[in-house]
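Secondary and tertiary structure notes
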Number of protein chains: 2
Amino acid sequence: MSLKKILKKIKPLDTEKMKLARLRQDSLTKPTKSLGYLEEISIKICGIKRKIPSELGRKVVILCAADHGVVEEGVSAYPQDVTAQMLLNFAQGGAAINVLSKYLGAEVVVVDVGVKGEVSHPFILSKKIRNGTANFTKGPAMSRQEAEKAIEIGMELAQREVREGAGIIATGDMGIANTTASSALISALTGFSPHLVTGKGTGISHERFEQKVKVIEKALALNQPSPYKPIEALAKVGGLEIGALTGVILGGALMQVPVVIDGFISSAAALLAYKLCPLVKDYLLPSHLSQEPGHRIVLAKLGLKPFIHLDMCLGEGTGAVLAFPIIEASLKILNEMATFEKAGVARKNEQRVKA
Amino acid sequence: MSLKKILKKIKPLDTEKMKLARLRQDSLTKPTKSLGYLEEISIKICGIKRKIPSELGRKVVILCAADHGVVEEGVSAYPQDVTAQMLLNFAQGGAAINVLSKYLGAEVVVVDVGVKGEVSHPFILSKKIRNGTANFTKGPAMSRQEAEKAIEIGMELAQREVREGAGIIATGDMGIANTTASSALISALTGFSPHLVTGKGTGISHERFEQKVKVIEKALALNQPSPYKPIEALAKVGGLEIGALTGVILGGALMQVPVVIDGFISSAAALLAYKLCPLVKDYLLPSHLSQEPGHRIVLAKLGLKPFIHLDMCLGEGTGAVLAFPIIEASLKILNEMATFEKAGVARKNEQRVKA
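So, how was this worked out
Residues numbered from 1 in each chain as written. Chains lettered and ligands numbered in written order. Predicted model: local features only at pLDDT ≥ 70, side-chain atom pairs only at ≥ 80, totals over all residues. Heavy atoms only, no water. Helix = DSSP H or I, 4+ residues; strand = E, 2+ residues; numbered from the N terminus. Buried < 20%, exposed > 50% of the residue type's maximum accessible area, 1.4 Å probe, protein only. Salt bridge = Lys/Arg side-chain N within 4 Å of Asp/Glu carboxyl O. Pairing = 2+ DSSP bridges. Contact = heavy atoms within 4.5 Å. Buried area = accessible area lost by both parts, 1.4 Å probe. Polar contact = N/O pair within 3.5 Å; in protein donor to acceptor, adjacent residues only side chain to side chain. Nonpolar A, V, L, I, M, F, W, Y, C, P; charged D, E, K, R; others polar. Core = buried A, V, L, I, M, F, W, Y, C linked by side-chain atoms within 4.5 Å. Least-squares fit on C-alpha atoms with pLDDT ≥ 70 in both. Phe/Tyr/Trp six-rings, centres within 6.5 Å; stacked < 30°, edge-to-face > 60°. Axes fitted to C-alpha atoms, helices over the stretch in contact; angles between N-to-C directions.

As a further point, take unusual backbone geometry. All names here are of chain A. Unlike most non-glycine residues, Gln256 shows phi in positive territory, near 60°. Mapped onto the elements of the fold, Gln256 is located in the loop between helix H11 (240-254) and strand E5 (259-260). Taking the relative accessible area as the measure of exposure, Gln256 reaches 23% and is therefore partly exposed. Positive phi values are uncommon outside glycine, yet Asp311 reaches one of about 55°. For Asp311, the position within the fold is in the loop between helix H13 (293-301) and helix H14 (318-336).

In structure tokens, the structure reads:
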């Protein structure tokens, strides 16, 4: 199915099911809305899934990895080789995302959409479009065809996972220098200046941070990405894994499963998906709030309120996976708590105010 | 053991074990400190437990319940009977704390330290000190002996649970009007005015909120609790469950297990425990940030950074239990991630900056 066709097939949420879920929340033995945003999460999931599910089903993190030509400009604290090295670490189960997923009952799907050089391992899905992007301070990061291809790969991955039973998808990323590409793309799509959206990534020095901002300013001045042409902006200053994650988000929405947005790179992909299809916003669940300043800006644009505040900035899907038990807990509350009637507990009694 | 003796037996954390844990965190395949506060949680637990544990062990919520004479003043949206009704709901497994604990692998210990009237159920531990406190707008809430007794009961509960294998304790509360008592106590212990620390509890109207603040001001003016006499302040304007939770926290620290602080009522107990023994602060872990404005004030005083932001205000230990998987995840990271050496991943390379 082509991208255009898919975008038209994404449907609004089922508001009838959401009303039913709200009524049910209000009948449970707790003061109305006293579980705050946890209640909203459960209601949103009912709208997405068109039913009142008792659990999430299979939890899958789709971790898309790629390299970035802009690394040449000295924007990262780590050498480019680390992308491929970390992919093998994911495949061998030694990275943070593996440990968290194992503990929290999630599966990790590792996808190479553009890592530089050969990375071969039975646990790495090879969907390589090219050997990393070009240095976007010297021209576009990739062609428009490559950008579309990245999105299509992501959509197919999400569709396949849902067909195989995934009930919720989390986004994850790996790619040395991808906070630079994400900052550039978010700046292009929102109009916020690079100084406001750029952060210190995996922990660069102040000097390198200043260099990073200059690099992004240079790339934007050269490529002139437009906020009204999101795929073109992706091609000009984005990244292959950002494109693939955009596709994962669109594919999740198409298949009517919630998509949990991880950190900064995932938020860039979510913003792009939203630009392509505003309805997609309703299928997103936030997770943590990253140290990267642009993350807060994008989540606010998407109306997402991150509920885990741990000052993390690792990516890989680590923040999204940590959100799984909280998200699933919202459904347990909805399904398993006693109602006022059943438990014989008195309801609120505002008229008893003593003046 | 008397309260005074116990307070002297609480020890500082094991800083050697904390240094070892920090070294281990820094050797793992992630940028230094990129897991933010999650890393700090793991290090704190190693200091508390004097070892590098691979998991938390048995997770126990100690839920202390009591009634409050001040309910007569129209400070709550719910009638007093709801305390006893909810205790039976806890015993029957129908409340939010039961559902969350079941899902997240925690046990709930329900303790009646002063519910009004008889509440009898095999799953409710009866440690009733009196049938609710007195209305503290007309005199002290309880005697000093009763306040001390409440603290002792809590200490014994925590010690017993740890002896029976609890590796982490969460605090939970139930008691109609206990946000009023907590606000009064926090105002007394911090000097913040009642208007700043008081919130809308389980969802009262604006008129009732103004009434609640006036009631607290009246109670403070009448009873004159001193911030330098914490047990006396508890007796004058506190509550029996707040006293018991203070004891739970002290008992947890004595037994060298982390104590997870739930919402507003638990934070009042934590503040009181800290006033009795400042070292206790190091044994506390935060969980969620409540809607109640005083919660933020107390957590800041205790140096605790809440990491779950769901705008909840239910109590019962619900926020603390939601924090368990995140807290345990921090230990999984510490124990199970690959090191840079083992995984063959390159470390940070700051000298590669391109000017």
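A full pass over the atoms with the stated rule returns 38 salt bridges over all chains. For the salt bridge of Lys102(A) with Glu336(B), the shortest nitrogen-to-oxygen distance reads 3.8 Å. Taken together, the residues span two chains, with Lys102(A) in helix H5 (residues 96-104) and Glu336(B) in helix H14 (residues 318-336). Given the relative accessible area of 66%, Lys102(A) is considered exposed. Residue Glu336(B) is classed as partly exposed on the basis of its relative accessible area, which comes to 32%. Note that Glu161(A) and Arg160(A) form a salt bridge whose closest N and O atoms lie 2.8 Å from each other. By relative accessible area, Glu161(A) is classed as buried at 3%. What you see here is one network of salt bridges that share partners, running through Arg22(A), Asp26(A), Lys30(A), Glu39(A) and Glu40(A).

Adjacent strands of a sheet form backbone hydrogen bonds with each other and so pair up, either parallel or antiparallel. All names here are of chain B. Read from one edge of the open sheet, six strands run E3-E2-E1-E4-E5-E6, paired in parallel fashion. With partners counted over all chains shown, the strands left at the sheet margins are strand E3 (124-126) and strand E6 (284-285), one partner each. Of the pairings in the sheet, the one linking strand E4 (residues 166-174) to strand E5 (residues 259-260) comprises two bridges and is parallel in character. Across the sheet, residue Ala170 finds its bridge partner in E5, namely Val260.

All names here are of chain A. In terms of residue burial, strand E4 (residues 166-174) counts as a mostly covered element, since nine of its nine residues are buried. Relative to E4, strand E1 (residues 58-66) is paired through eight bridges, and the arrangement is parallel. Looking at the pairing, Leu63 lines up with Gly172 of E4.

Here we come to the interface of chain A and chain B. With 71 residues of chain A at the contact, the number on the chain B side is 71 residues. Buried surface at the junction of chain A and chain B, summed over both partners, amounts to about 5,800 Å²; 61% is from carbon and sulfur atoms. Where chain A touches chain B, the interface holds four salt bridges. Across the contact surface, chain A and chain B share 14 residue pairs in polar contact (both at pLDDT 80 or more). At the level of secondary structure, the elements contributing two or more residues to the side of chain A that touches chain B comprise helix H3 (36-49), helix H4 (81-92), H5, helix H9 (206-223) and H14 of chain A. Along the lines of polarity and charge, the residues of the side of chain A that touches chain B split into 37 nonpolar, 18 polar and 16 charged.

Leu250(A) and Leu250(B) are the most contacted members of the largest nonpolar core, which totals 268 residues. Discounting chain neighbours no more than four positions away, the residues touching Leu250(A) are Leu3(A), Leu7(A), Ile10(A), Ile151(A), Met155(A), Ala273(A), Leu276(A), Cys277(A) and Val280(A).

Right, let's talk about the relation of the copies chain A and chain B for a bit. Turning chain A through 180° and shifting it by 0.0 Å along the axis lays it on chain B, with an RMSD of 0.0 Å. Here the transformation between the copies is reduced to the relation of a two-fold axis. For chain A, the minimum C-alpha distance to the rotation axis belongs to Ile308(A) and amounts to 2.4 Å. A high fraction, 100%, of the interface residues of chain A reappear at the interface in chain B, so the copies pair face to face through one surface.

On to the packing of aromatic side chains. All names here are of chain A. Tallied over the entire structure, the rule returns two aromatic pairs over all chains. Both rings, one in Tyr37 and one in Phe307, keep their centres 6.2 Å apart while their planes meet at 45°; by these two values the pair is tilted. Taken as a pair, Tyr37 in helix H3 and Phe307 in the loop between H13 and H14 lie far apart in primary sequence, 270 residues in all. For Tyr37, a relative accessible area of 15% gives the class buried.

Let's shift gears to the environment of Leu125(A). Residues and elements named next belong to chain A. Inspection of the secondary structure puts Leu125 in strand E3 (residues 124-126). Considering only alpha carbons, one finds Leu125 and Lys59, 66 residues apart in sequence, at a separation of 18 Å. If near-sequence neighbours (up to four positions away) are discounted, Leu125 is found in contact with Val109, Val110, Val111, Asp112, Leu157 and Arg160.

Further remarks concern the sheet that holds strand E6 (residues 284-285) of chain A. Residue and element names in this part refer to chain A. Read from one edge of the open sheet, six strands run E3-E2-E1-E4-E5-E6, paired in parallel fashion. In this open sheet, the two edge strands, each paired with only one partner strand, are E3 and E6. Strand contacts of H4: E1, strand E2 (106-114), E3 and E4, with the helix running at about 145° to E4, the strand carrying the most contacts. Packed onto the sheet, H5 meets E1 and E2 and runs at close to 150° relative to E2.

On to helix H5 (residues 96-104) of chain B. Residue and element names in this part refer to chain B. Here H5 lies mainly inside the structure; seven of its nine residues are buried. For H5, every residue scored as buried is listed here: Ala96, Ile97, Asn98, Val99, Leu100, Ser101 and Leu104. Among the residues trailing H5, Gly105 stands out with phi positive, at a value near 75°.

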